[in-house]
Amino acid sequence: MFPVRDTWDRIETTGGDVRTMVVGAGIGGLTTALSLAAAGLECVVVEAAATLRPLGVGINLQPHAVRELTELGLAGELAALGVETTFMTFADRHGNVILALPRGRSAGYRWPQYSIHRGELQMALLAAVEKRAVPVRTGVRLEGFEQDGGEVLVRLRQGGELVEERVDVLVGADGVQSTVRALLHPSDDPLLWAGIRMWRGVAEADPVLDGATVLVGGSNRAGKFVTYHISARNPRLVNWVAEVKVAEPGVAAEADWSREGRLEEVAAHFAGWRYRPADVQGLLAASPRILEYPMVDRDPLPVWGEGRVTLLGDAAHPMYPIGSNGGSQAVLDARVLARCLATCGDPVTALKAYEEERRPPTSALVLAHRALPIEDTIGLVTERAPDGFADIADVLTEAELAAMAGAQRRISDADVRALNERESWSVRIP
(Lines give C-alpha, C1' and ligand atoms only; values in the text may rest on other atoms or scores of the structure.)
Protein backbone atom coordinates (compact mmCIF):
# COMPACT_ATOMS: atom_id res chain seq x y z
CA MET A 1 0.00 0.00 0.00
CA PHE A 2 1.05 3.54 -0.65
CA PRO A 3 1.19 5.84 2.39
CA VAL A 4 -1.93 7.98 2.80
CA ARG A 5 -1.92 11.44 4.33
CA ASP A 6 -4.91 12.25 6.49
CA THR A 7 -4.30 16.00 6.54
CA TRP A 8 -3.39 18.27 3.67
CA ASP A 9 -1.41 21.49 3.82
CA ARG A 10 -3.23 24.31 2.08
CA ILE A 11 -1.67 27.12 0.08
CA GLU A 12 -2.34 30.61 1.41
CA THR A 13 -4.03 33.05 -0.94
CA THR A 14 -2.28 36.22 -2.09
CA GLY A 15 -4.45 36.85 -5.13
CA GLY A 16 -6.24 39.94 -3.85
CA ASP A 17 -9.61 41.08 -5.18
CA VAL A 18 -9.98 39.45 -8.61
CA ARG A 19 -13.38 39.25 -10.32
CA THR A 20 -13.68 36.44 -12.85
CA MET A 21 -16.41 35.82 -15.41
CA VAL A 22 -16.80 32.17 -16.44
CA VAL A 23 -18.57 31.52 -19.75
CA GLY A 24 -20.41 28.18 -19.59
CA ALA A 25 -22.18 26.38 -16.75
CA GLY A 26 -21.12 22.85 -17.57
CA ILE A 27 -18.92 20.64 -15.40
CA GLY A 28 -15.78 22.69 -16.06
CA GLY A 29 -17.42 26.08 -15.64
CA LEU A 30 -19.26 25.22 -12.42
CA THR A 31 -16.19 23.54 -10.91
CA THR A 32 -14.24 26.70 -11.74
CA ALA A 33 -16.84 28.86 -10.00
CA LEU A 34 -16.85 26.59 -6.95
CA SER A 35 -13.04 26.53 -6.82
CA LEU A 36 -12.76 30.31 -7.10
CA ALA A 37 -15.36 30.82 -4.38
CA ALA A 38 -13.58 28.33 -2.12
CA ALA A 39 -10.40 30.36 -2.63
CA GLY A 40 -12.17 33.58 -1.66
CA LEU A 41 -12.30 35.07 -5.16
CA GLU A 42 -15.31 36.79 -6.72
CA CYS A 43 -16.90 35.08 -9.69
CA VAL A 44 -19.94 35.17 -11.96
CA VAL A 45 -21.07 32.45 -14.41
CA VAL A 46 -22.93 33.23 -17.63
CA GLU A 47 -24.68 30.49 -19.58
CA ALA A 48 -26.40 30.68 -22.97
CA ALA A 49 -29.07 28.10 -22.09
CA ALA A 50 -32.22 29.64 -20.64
CA THR A 51 -32.61 26.86 -18.06
CA LEU A 52 -30.12 24.42 -16.56
CA ARG A 53 -31.59 20.92 -16.47
CA PRO A 54 -30.06 17.48 -15.79
CA LEU A 55 -29.52 16.58 -19.44
CA GLY A 56 -27.14 14.18 -21.11
CA VAL A 57 -26.06 10.65 -20.35
CA GLY A 58 -23.23 8.99 -18.43
CA ILE A 59 -19.77 10.20 -17.58
CA ASN A 60 -16.84 8.74 -15.65
CA LEU A 61 -14.95 10.72 -13.03
CA GLN A 62 -11.40 9.49 -12.53
CA PRO A 63 -9.80 9.45 -9.04
CA HIS A 64 -7.78 12.59 -9.81
CA ALA A 65 -11.03 14.49 -10.38
CA VAL A 66 -12.84 12.84 -7.47
CA ARG A 67 -10.05 14.01 -5.16
CA GLU A 68 -10.59 17.63 -6.23
CA LEU A 69 -14.39 17.44 -5.93
CA THR A 70 -13.98 15.81 -2.52
CA GLU A 71 -11.84 18.73 -1.36
CA LEU A 72 -14.60 21.04 -2.59
CA GLY A 73 -17.04 19.27 -0.30
CA LEU A 74 -18.86 17.00 -2.77
CA ALA A 75 -17.81 13.56 -1.50
CA GLY A 76 -21.26 12.79 -0.12
CA GLU A 77 -23.07 13.89 -3.27
CA LEU A 78 -20.84 11.77 -5.51
CA ALA A 79 -21.32 8.67 -3.36
CA ALA A 80 -25.09 9.20 -3.25
CA LEU A 81 -25.45 9.74 -6.99
CA GLY A 82 -22.81 7.63 -8.75
CA VAL A 83 -21.60 4.05 -8.93
CA GLU A 84 -18.11 3.37 -7.61
CA THR A 85 -16.35 1.73 -10.56
CA THR A 86 -14.48 -1.52 -9.91
CA PHE A 87 -13.09 -2.51 -13.32
CA MET A 88 -12.72 -1.37 -16.90
CA THR A 89 -13.06 -4.57 -18.87
CA PHE A 90 -12.45 -5.14 -22.58
CA ALA A 91 -14.19 -7.99 -24.39
CA ASP A 92 -14.71 -9.26 -27.92
CA ARG A 93 -18.06 -9.02 -29.68
CA HIS A 94 -19.12 -12.29 -28.04
CA GLY A 95 -18.38 -11.02 -24.53
CA ASN A 96 -15.20 -13.02 -23.94
CA VAL A 97 -12.92 -11.04 -21.63
CA ILE A 98 -9.68 -9.80 -23.17
CA LEU A 99 -8.42 -7.59 -20.33
CA ALA A 100 -9.82 -6.37 -16.98
CA LEU A 101 -8.18 -3.32 -15.37
CA PRO A 102 -8.98 -2.44 -11.73
CA ARG A 103 -10.26 1.11 -11.28
CA GLY A 104 -10.30 3.66 -8.50
CA ARG A 105 -9.69 2.34 -5.00
CA SER A 106 -9.35 -1.17 -6.41
CA ALA A 107 -6.27 0.11 -8.28
CA GLY A 108 -4.71 1.62 -5.15
CA TYR A 109 -5.96 5.20 -5.34
CA ARG A 110 -7.16 6.87 -2.17
CA TRP A 111 -10.22 8.10 -4.10
CA PRO A 112 -12.73 6.10 -6.13
CA GLN A 113 -13.69 6.36 -9.77
CA TYR A 114 -17.37 7.11 -10.25
CA SER A 115 -19.70 6.37 -13.14
CA ILE A 116 -22.43 8.99 -12.90
CA HIS A 117 -25.15 10.75 -14.88
CA ARG A 118 -23.66 13.91 -16.37
CA GLY A 119 -26.78 15.97 -15.72
CA GLU A 120 -27.03 14.90 -12.08
CA LEU A 121 -23.37 15.79 -11.55
CA GLN A 122 -24.00 19.18 -13.14
CA MET A 123 -26.98 19.80 -10.83
CA ALA A 124 -24.91 18.83 -7.77
CA LEU A 125 -22.22 21.30 -8.82
CA LEU A 126 -24.84 23.98 -9.47
CA ALA A 127 -26.32 23.50 -5.99
CA ALA A 128 -22.86 23.80 -4.44
CA VAL A 129 -22.15 26.97 -6.44
CA GLU A 130 -25.47 28.51 -5.42
CA LYS A 131 -24.78 27.61 -1.79
CA ARG A 132 -21.62 29.70 -2.12
CA ALA A 133 -23.81 32.56 -3.41
CA VAL A 134 -22.02 32.68 -6.76
CA PRO A 135 -24.31 34.28 -9.39
CA VAL A 136 -25.21 31.96 -12.29
CA ARG A 137 -26.96 33.95 -15.03
CA THR A 138 -28.77 31.89 -17.64
CA GLY A 139 -30.00 33.01 -21.04
CA VAL A 140 -26.87 35.12 -21.46
CA ARG A 141 -24.74 34.72 -24.58
CA LEU A 142 -21.19 36.04 -25.06
CA GLU A 143 -20.90 38.22 -28.17
CA GLY A 144 -17.35 39.53 -27.83
CA PHE A 145 -14.70 41.03 -25.61
CA GLU A 146 -11.86 43.56 -25.63
CA GLN A 147 -8.91 43.88 -23.31
CA ASP A 148 -8.08 47.32 -22.01
CA GLY A 149 -5.00 47.26 -19.83
CA GLY A 150 -6.17 46.07 -16.44
CA GLU A 151 -9.66 44.86 -17.42
CA VAL A 152 -11.67 42.87 -19.93
CA LEU A 153 -14.69 44.56 -21.49
CA VAL A 154 -17.22 41.80 -22.17
CA ARG A 155 -20.20 42.16 -24.51
CA LEU A 156 -23.18 39.99 -23.61
CA ARG A 157 -26.54 39.36 -25.26
CA GLN A 158 -29.25 39.05 -22.62
CA GLY A 159 -32.61 38.51 -24.26
CA GLY A 160 -32.78 41.16 -26.94
CA GLU A 161 -30.48 43.52 -25.09
CA LEU A 162 -26.73 43.96 -25.59
CA VAL A 163 -24.92 44.78 -22.35
CA GLU A 164 -21.29 45.44 -21.47
CA GLU A 165 -19.48 44.48 -18.28
CA ARG A 166 -15.92 44.86 -17.04
CA VAL A 167 -14.13 42.00 -15.28
CA ASP A 168 -10.56 41.22 -14.30
CA VAL A 169 -10.45 37.75 -15.92
CA LEU A 170 -12.56 36.01 -18.57
CA VAL A 171 -12.60 32.19 -18.73
CA GLY A 172 -14.05 30.33 -21.70
CA ALA A 173 -15.50 27.06 -20.37
CA ASP A 174 -18.06 26.92 -23.16
CA GLY A 175 -17.36 23.52 -24.68
CA VAL A 176 -16.08 22.01 -27.90
CA GLN A 177 -17.68 24.74 -30.02
CA SER A 178 -16.45 27.51 -27.74
CA THR A 179 -17.23 31.12 -28.67
CA VAL A 180 -14.32 32.32 -26.55
CA ARG A 181 -11.92 29.99 -28.36
CA ALA A 182 -13.23 31.13 -31.74
CA LEU A 183 -12.60 34.77 -30.79
CA LEU A 184 -9.11 34.03 -29.49
CA HIS A 185 -8.21 31.76 -32.43
CA PRO A 186 -10.34 32.88 -35.38
CA SER A 187 -8.56 30.89 -38.09
CA ASP A 188 -7.04 27.46 -38.77
CA ASP A 189 -8.78 25.71 -35.86
CA PRO A 190 -11.27 23.29 -37.44
CA LEU A 191 -13.38 20.69 -35.73
CA LEU A 192 -11.84 17.33 -36.70
CA TRP A 193 -13.88 14.15 -37.10
CA ALA A 194 -12.41 10.70 -36.57
CA GLY A 195 -14.88 9.19 -39.05
CA ILE A 196 -16.57 7.45 -36.10
CA ARG A 197 -20.28 7.87 -35.45
CA MET A 198 -21.45 7.60 -31.82
CA TRP A 199 -24.89 6.84 -30.41
CA ARG A 200 -25.67 7.11 -26.71
CA GLY A 201 -28.58 6.31 -24.46
CA VAL A 202 -29.71 5.25 -21.01
CA ALA A 203 -32.01 2.31 -20.27
CA GLU A 204 -33.08 0.11 -17.36
CA ALA A 205 -31.69 -3.42 -17.48
CA ASP A 206 -30.38 -6.27 -15.37
CA PRO A 207 -26.87 -5.78 -13.93
CA VAL A 208 -24.03 -6.00 -16.43
CA LEU A 209 -21.31 -8.15 -14.82
CA ASP A 210 -20.94 -6.90 -11.21
CA GLY A 211 -23.01 -3.76 -11.84
CA ALA A 212 -19.95 -1.55 -11.36
CA THR A 213 -17.78 -2.36 -14.39
CA VAL A 214 -17.19 -0.22 -17.46
CA LEU A 215 -17.48 -2.90 -20.14
CA VAL A 216 -16.10 -2.24 -23.62
CA GLY A 217 -17.12 -4.82 -26.21
CA GLY A 218 -15.74 -5.03 -29.75
CA SER A 219 -13.99 -2.30 -31.72
CA ASN A 220 -15.30 0.66 -33.67
CA ARG A 221 -14.09 -0.85 -36.95
CA ALA A 222 -16.91 -3.41 -36.81
CA GLY A 223 -18.92 -1.99 -33.92
CA LYS A 224 -18.03 -1.14 -30.32
CA PHE A 225 -20.56 -1.26 -27.50
CA VAL A 226 -19.78 0.26 -24.09
CA THR A 227 -21.98 -0.22 -21.01
CA TYR A 228 -21.81 0.95 -17.39
CA HIS A 229 -24.24 1.58 -14.54
CA ILE A 230 -24.58 5.23 -13.52
CA SER A 231 -26.95 5.51 -10.55
CA ALA A 232 -26.59 4.54 -6.90
CA ARG A 233 -30.30 5.23 -6.46
CA ASN A 234 -31.38 3.05 -9.40
CA PRO A 235 -28.95 0.12 -9.84
CA ARG A 236 -30.77 -0.94 -13.03
CA LEU A 237 -29.90 2.25 -14.91
CA VAL A 238 -27.35 1.46 -17.63
CA ASN A 239 -25.57 3.97 -19.83
CA TRP A 240 -24.58 2.66 -23.24
CA VAL A 241 -22.40 4.02 -26.04
CA ALA A 242 -22.24 2.56 -29.55
CA GLU A 243 -19.37 3.47 -31.86
CA VAL A 244 -18.95 2.57 -35.53
CA LYS A 245 -16.38 3.80 -38.03
CA VAL A 246 -18.44 4.99 -41.00
CA ALA A 247 -16.04 7.26 -42.95
CA GLU A 248 -12.47 8.42 -43.28
CA PRO A 249 -11.29 11.15 -40.87
CA GLY A 250 -11.88 14.73 -41.95
CA VAL A 251 -13.15 18.16 -41.01
CA ALA A 252 -16.60 18.40 -39.41
CA ALA A 253 -18.77 21.41 -40.08
CA GLU A 254 -20.46 21.10 -36.68
CA ALA A 255 -21.25 18.72 -33.84
CA ASP A 256 -24.81 18.80 -32.58
CA TRP A 257 -24.87 17.13 -29.15
CA SER A 258 -28.68 17.04 -29.03
CA ARG A 259 -29.27 15.41 -32.42
CA GLU A 260 -31.77 12.58 -32.23
CA GLY A 261 -30.49 9.18 -33.32
CA ARG A 262 -32.60 6.49 -35.01
CA LEU A 263 -33.02 3.16 -33.27
CA GLU A 264 -33.10 1.17 -36.50
CA GLU A 265 -29.85 2.73 -37.72
CA VAL A 266 -27.76 1.94 -34.65
CA ALA A 267 -29.43 -1.45 -34.13
CA ALA A 268 -28.47 -2.55 -37.64
CA HIS A 269 -24.76 -2.32 -36.82
CA PHE A 270 -25.15 -4.85 -33.97
CA ALA A 271 -27.73 -7.17 -35.53
CA GLY A 272 -25.30 -10.09 -35.73
CA TRP A 273 -23.98 -9.83 -32.19
CA ARG A 274 -24.37 -12.66 -29.73
CA TYR A 275 -23.13 -10.75 -26.69
CA ARG A 276 -23.38 -12.67 -23.42
CA PRO A 277 -22.85 -9.87 -20.85
CA ALA A 278 -25.74 -7.66 -22.02
CA ASP A 279 -28.77 -7.64 -24.30
CA VAL A 280 -27.59 -5.07 -26.83
CA GLN A 281 -30.81 -4.92 -28.84
CA GLY A 282 -32.85 -4.83 -25.65
CA LEU A 283 -30.86 -1.87 -24.29
CA LEU A 284 -31.28 0.01 -27.55
CA ALA A 285 -35.02 -0.62 -27.71
CA ALA A 286 -35.57 0.27 -24.02
CA SER A 287 -33.86 3.68 -24.31
CA PRO A 288 -36.38 6.55 -24.14
CA ARG A 289 -34.04 8.71 -26.21
CA ILE A 290 -31.04 8.03 -28.43
CA LEU A 291 -28.49 10.74 -29.13
CA GLU A 292 -26.18 10.70 -32.14
CA TYR A 293 -23.03 12.69 -32.75
CA PRO A 294 -19.58 12.45 -34.34
CA MET A 295 -16.41 11.64 -32.43
CA VAL A 296 -14.54 14.93 -32.77
CA ASP A 297 -11.63 16.89 -31.32
CA ARG A 298 -9.42 19.82 -32.31
CA ASP A 299 -5.67 20.12 -32.76
CA PRO A 300 -3.82 21.19 -29.59
CA LEU A 301 -3.24 24.94 -29.48
CA PRO A 302 0.24 26.46 -29.10
CA VAL A 303 -1.31 28.87 -26.57
CA TRP A 304 -4.75 28.87 -25.00
CA GLY A 305 -5.34 32.46 -24.03
CA GLU A 306 -4.12 36.01 -24.23
CA GLY A 307 -3.63 38.49 -21.42
CA ARG A 308 -6.58 38.23 -19.04
CA VAL A 309 -8.58 35.74 -21.14
CA THR A 310 -8.09 31.96 -21.12
CA LEU A 311 -9.78 28.65 -21.92
CA LEU A 312 -10.71 25.64 -19.82
CA GLY A 313 -12.02 22.10 -20.30
CA ASP A 314 -13.36 21.12 -23.72
CA ALA A 315 -12.94 24.69 -24.93
CA ALA A 316 -9.18 24.34 -24.36
CA HIS A 317 -8.55 20.65 -25.15
CA PRO A 318 -11.47 18.71 -26.66
CA MET A 319 -10.54 15.03 -26.85
CA TYR A 320 -12.11 11.76 -27.90
CA PRO A 321 -14.19 10.20 -25.08
CA ILE A 322 -12.39 6.85 -25.20
CA GLY A 323 -10.28 7.50 -22.08
CA SER A 324 -13.19 8.55 -19.83
CA ASN A 325 -11.03 11.54 -18.94
CA GLY A 326 -12.38 14.69 -20.62
CA GLY A 327 -14.62 15.81 -17.76
CA SER A 328 -11.97 14.87 -15.21
CA GLN A 329 -9.38 17.03 -16.95
CA ALA A 330 -11.81 19.97 -16.87
CA VAL A 331 -12.04 19.54 -13.08
CA LEU A 332 -8.24 19.63 -12.82
CA ASP A 333 -8.13 22.75 -15.00
CA ALA A 334 -10.59 24.48 -12.69
CA ARG A 335 -8.64 23.70 -9.57
CA VAL A 336 -5.29 24.78 -10.99
CA LEU A 337 -6.78 27.98 -12.40
CA ALA A 338 -8.26 28.93 -9.02
CA ARG A 339 -5.01 28.14 -7.23
CA CYS A 340 -2.98 30.25 -9.64
CA LEU A 341 -5.35 33.23 -9.46
CA ALA A 342 -5.50 33.03 -5.66
CA THR A 343 -1.75 32.77 -5.08
CA CYS A 344 -0.41 35.23 -7.68
CA GLY A 345 -0.93 38.96 -7.34
CA ASP A 346 -1.13 39.60 -11.08
CA PRO A 347 -3.94 37.91 -13.09
CA VAL A 348 -1.92 37.90 -16.33
CA THR A 349 0.97 36.11 -14.64
CA ALA A 350 -1.48 33.75 -12.96
CA LEU A 351 -3.10 32.75 -16.26
CA LYS A 352 0.32 32.13 -17.79
CA ALA A 353 1.22 29.87 -14.87
CA TYR A 354 -2.10 28.03 -15.22
CA GLU A 355 -1.53 27.45 -18.92
CA GLU A 356 2.08 26.36 -18.43
CA GLU A 357 0.92 23.74 -15.94
CA ARG A 358 -2.15 22.44 -17.76
CA ARG A 359 -1.58 22.87 -21.50
CA PRO A 360 1.31 20.38 -22.01
CA PRO A 361 -0.34 17.35 -20.32
CA THR A 362 -3.75 17.96 -21.88
CA SER A 363 -2.24 18.46 -25.34
CA ALA A 364 -0.45 15.14 -24.96
CA LEU A 365 -3.74 13.51 -23.94
CA VAL A 366 -5.54 14.86 -27.01
CA LEU A 367 -2.94 13.26 -29.28
CA ALA A 368 -2.83 10.01 -27.28
CA HIS A 369 -6.62 9.66 -27.53
CA ARG A 370 -6.49 10.38 -31.26
CA ALA A 371 -4.24 7.34 -31.78
CA LEU A 372 -7.14 5.07 -30.66
CA PRO A 373 -4.60 2.85 -28.90
CA ILE A 374 -6.88 -0.05 -27.98
CA GLU A 375 -8.43 -0.58 -31.40
CA ASP A 376 -5.42 -2.31 -32.97
CA THR A 377 -5.19 -4.89 -30.20
CA ILE A 378 -8.92 -5.68 -30.25
CA GLY A 379 -8.65 -5.87 -34.02
CA LEU A 380 -5.97 -8.55 -33.59
CA VAL A 381 -8.34 -10.55 -31.38
CA THR A 382 -11.06 -10.33 -34.03
CA GLU A 383 -8.66 -11.50 -36.74
CA ARG A 384 -7.16 -14.33 -34.73
CA ALA A 385 -10.36 -15.55 -33.05
CA PRO A 386 -13.37 -14.36 -35.08
CA ASP A 387 -15.65 -16.90 -33.42
CA GLY A 388 -14.49 -16.18 -29.88
CA PHE A 389 -12.04 -17.86 -27.51
CA ALA A 390 -11.91 -19.68 -24.18
CA ASP A 391 -8.60 -18.25 -22.93
CA ILE A 392 -7.14 -14.94 -24.11
CA ALA A 393 -3.65 -16.42 -23.63
CA ASP A 394 -4.39 -18.53 -26.71
CA VAL A 395 -4.96 -15.34 -28.73
CA LEU A 396 -2.66 -12.62 -27.42
CA THR A 397 0.83 -12.79 -25.97
CA GLU A 398 1.66 -11.42 -22.52
CA ALA A 399 3.53 -8.57 -24.22
CA GLU A 400 0.49 -7.68 -26.34
CA LEU A 401 -1.77 -7.67 -23.29
CA ALA A 402 0.71 -5.56 -21.32
CA ALA A 403 0.93 -3.06 -24.18
CA MET A 404 -2.88 -2.86 -24.29
CA ALA A 405 -3.07 -2.19 -20.54
CA GLY A 406 -0.35 0.43 -20.74
CA ALA A 407 -2.04 2.21 -23.63
CA GLN A 408 -5.33 2.50 -21.73
CA ARG A 409 -3.63 3.69 -18.55
CA ARG A 410 -1.84 6.44 -20.49
CA ILE A 411 -5.12 8.01 -21.57
CA SER A 412 -7.08 7.43 -18.34
CA ASP A 413 -4.88 7.29 -15.27
CA ALA A 414 -2.81 9.46 -12.98
CA ASP A 415 0.23 8.03 -11.23
CA VAL A 416 -1.13 6.33 -8.10
CA ARG A 417 1.67 7.28 -5.72
CA ALA A 418 1.94 10.83 -7.03
CA LEU A 419 -1.80 11.48 -6.65
CA ASN A 420 -2.01 9.87 -3.20
CA GLU A 421 0.98 11.77 -1.82
CA ARG A 422 0.95 15.22 -3.43
CA GLU A 423 -0.08 18.31 -1.48
CA SER A 424 -3.56 19.75 -1.76
CA TRP A 425 -4.42 22.36 -4.36
CA SER A 426 -6.89 23.96 -1.95
CA VAL A 427 -6.19 27.53 -0.94
CA ARG A 428 -6.30 28.75 2.66
CA ILE A 429 -7.96 32.12 3.10
CA PRO A 430 -6.12 34.18 5.76
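The preceding data block contains the structure.
The model shown is predicted, which means the values in this text are computed figures rather than measured ones. (Residues numbered from 1 in each chain as written. Predicted model: local features only at pLDDT ≥ 70, side-chain atom pairs only at ≥ 80, totals over all residues. Heavy atoms only, no water.)

**Some points on the overall build of the protein chain**
Heads up, the condition is: Secondary structure elements are taken from DSSP: a helix is a run of H or I of four residues or more, a strand is a run of E of two residues or more, and numbering for both begins at the N terminus. In this treatment the radius of gyration is a C-alpha quantity, and the globule benchmark scales as 2.2 Å times the residue count to the 0.38 power. Every residue pair with non-hydrogen atoms within 4.5 Å of one another is taken to be in contact.
On a plain count of helices and strands, the protein chain comes out with 12 helices and 21 strands. For a compact globule of 430 residues, the expected C-alpha radius of gyration is about 22 Å, and the protein chain comes in at 22 Å, within 12% of that figure. Along the first, second and third principal axes, the C-alpha atoms of the protein chain reach 65 × 50 × 40 Å. Of all intrachain contacts in the protein chain linking residues separated by at least 6 positions in sequence, the fraction that spans at least 24 positions is 77%.

**Points about the packing of aromatic side chains**
Here is the rule we go by: Aromatic rings from Phe, Tyr and Trp, taking only the six-membered ring of Trp, are treated as a pair when their centres fall within 6.5 Å; an angle between ring planes under 30 degrees marks them as stacked, one over 60 as edge-to-face, and anything in between as tilted. For the exposure calls, accessible area comes from a 1.4 Å probe over protein chains only, and a residue counts as buried if that area is under 20% of its type's maximum, exposed if over 50%, partly exposed in between. Whether a charge sits over a ring comes down to the Lys NZ or Arg CZ being within 6 Å of the ring centre and within 35 degrees of the ring normal.
Taken as a whole and judged by the stated rule, the model has five aromatic pairs. Measuring from ring centre to ring centre gives 5.0 Å for Phe-270 and Trp-273, while their planes differ by 75°; the resulting arrangement is edge-to-face. Note on Trp-273: relative accessible area 7%, which makes it buried. With centroids separated by 5.6 Å and ring planes inclined at 55°, the aromatic side chains of Trp-304 and Tyr-354 adopt a geometry described as tilted. With Trp-304 in the loop between β19 (290-297) and β20 (309-311) and Tyr-354 in helix α9 (residues 347-370), this residue pair connects regions lying 50 residues apart in the sequence. Positioned over the ring face of Trp-425 is Arg-422, at 3.7 Å from the centre of the ring.

**As for the layout of surface pockets**
Our working rule: Think of a 1 Å grid over just the protein atoms. A cavity is a set of points where a 1.4 Å probe fits yet cannot get out, a pocket is an open set with protein on both sides within 12 Å along at least five of seven lines, and lining residues have an atom within 4 Å of a point. Grid points are joined across faces, edges and corners, and a volume is the space filled by probe spheres set on the points.
Roughly 320 Å³ of internal volume is contained in the second largest pocket. No other element matches the four residues that α9 contributes to the lining of the second largest pocket.

**Quick notes on the environment of Gly-217**
Note that Gly-217 resides in strand β15 (residues 213-219). Measuring from C-alpha to C-alpha, the distance between Gly-217 and Pro-112 comes to 23 Å, with 105 residues separating the pair along the chain.

**Here's the deal with the packing of helix α2 (residues 63-71) against helix α8 (residues 326-343)**
Each pair of packed helices gets described by two things: the angle between the helix axes and the distance between those axes. What counts, and what does not: Here, axes are lines fitted to C-alpha atoms. For helices the fit covers the stretch in contact, and angles between N-to-C directions go from 0 to 180 degrees. Oblique is the label for every angle not falling under 35 degrees (roughly parallel), over 145 degrees (roughly antiparallel), or within 65 to 115 degrees (roughly perpendicular). Helix crossings are classified by the rotation of the near helix relative to the far one: an anticlockwise turn of less than a right angle makes the crossing left-handed, while a clockwise turn makes it right-handed.
It is the contact of α2 with α8, at a shortest axis distance of 8 Å, that shows an interaxial angle of 45°. Viewed along their axes, α2 and α8 adopt a mutual orientation that is oblique. Here the hand of the crossing between α2 and α8 comes out left-handed. Taken together, the residues of α8 that come into contact with α2 (itself represented by His-64, Ala-65, Glu-68, Leu-69 and Glu-71) are Ser-328, Gln-329, Val-331, Leu-332 and Arg-335.

**Structural notes on unusual backbone geometry**
With the exception of glycine, the majority of residues adopt a negative phi angle, and the majority of peptide bonds are in the trans configuration. Positive phi, normally seen in glycine, also occurs at Ala-133, with a value near 65°. Within the secondary structure, Ala-133 sits in the loop between α4 (118-131) and β9 (136-138). Using a relative accessible area of 61% as the deciding quantity, one classes Ala-133 as exposed. For Leu-372, which is not glycine, the phi dihedral falls at a positive 45°. What makes Leu-372 buried here is its relative accessible area of 17%.

**Observations regarding the side chain of His-117**
Structurally, His-117 is set in strand β8 (residues 114-117). Residues within four places of His-117 in sequence aside, it is in contact with Pro-54, Leu-55, Gly-56, Val-57, Gly-58, Ile-59 and Ile-230.

**Here's the deal with empty space enclosed by the protein**
Where we set the bar: Ten residue types, Ala, Val, Leu, Ile, Met, Phe, Trp, Tyr, Cys and Pro, are classed as nonpolar, four, Asp, Glu, Lys and Arg, as charged, and the remainder, Gly among them, as polar.
Considering all chains together, one arrives at one cavity of 30 Å³ or more under this definition. Counted as a void, the largest cavity has a volume near 40 Å³. Lining the largest cavity we find Arg-181, Arg-298, Asp-299, Pro-300, Leu-301, Trp-304, Ala-316, His-317, Pro-318, Thr-362, Ser-363 and Val-366. Counting residues per element, the lining of the largest cavity draws most heavily on α9, at three residues. When the residues that make up the lining of the largest cavity are grouped by side-chain class, the tally is six nonpolar, three polar and three charged.

**Let's talk about the state of the cysteines**
Simply put, the disulfide is a covalent bond whose two ends are the sulfur atoms of two cysteines. Keep this limit in mind: Only a pair of cysteine sulfur atoms within 2.5 Å qualifies as a disulfide here.
Under the definition given, this model contains zero disulfides. Summary of cysteine pairing: Cys-43 is not part of a disulfide, and the nearest cysteine sulfur, belonging to Cys-340, is at 16 Å. Owing to a relative accessible area of 6%, Cys-43 belongs among the buried residues under this scheme. Cysteine Cys-340 shares no disulfide, and the gap to the nearest cysteine sulfur, in Cys-344, comes to 7.8 Å. The class of Cys-340 is buried, set by a relative accessible area of 7%.

**Here's the deal with the sheet that holds strand β2 (residues 19-23)**
Our working definition: Two strands pair if DSSP finds at least two bridges between them.
Strand order across the open sheet formed by five strands is β9-β3-β2-β13-β20, with parallel pairing between neighbours. In this open sheet, the two strands that pair with only one neighbour each are β9 and β20. Neighbour-to-neighbour, the strand axes of this sheet turn through a mean angle of 20°, independent of strand direction. Relative to strand β3 (residues 42-47), β2 is paired through five bridges, and the arrangement is parallel. Among the inter-strand pairings, Arg-19 is bridged to a residue of β3, identified as Glu-42. Strands β13 (169-172) and β20 of the sheet are contacted by α9, whose axis makes an angle of about 20° with β20.

**Some points on the sheet that holds strand β4 (residues 58-61)**
Each strand in a sheet pairs with another by means of backbone hydrogen bonds, the pair being arranged parallel or else antiparallel. Within the open sheet, the three strands sit side by side as β4-β8-β5. Their pairing is antiparallel. Two strands lie at the open edges of the sheet, namely β4 and β5 (83-84), each paired on one side alone. As defined by bridge partners, β5 adjoins β8 across two bridges and the pair is classed as antiparallel. By the bridge assignment, Glu-84 is partnered in β8 with Tyr-114.

**Some words on the environment of Val-22**
Inspection of the secondary structure assignment puts Val-22 in strand β2. In contact with Val-22, not counting residues within four places along its chain, are Gly-29, Thr-32, Leu-36, Cys-43, Val-44, Val-45, Val-46, Val-171 and Ala-173.

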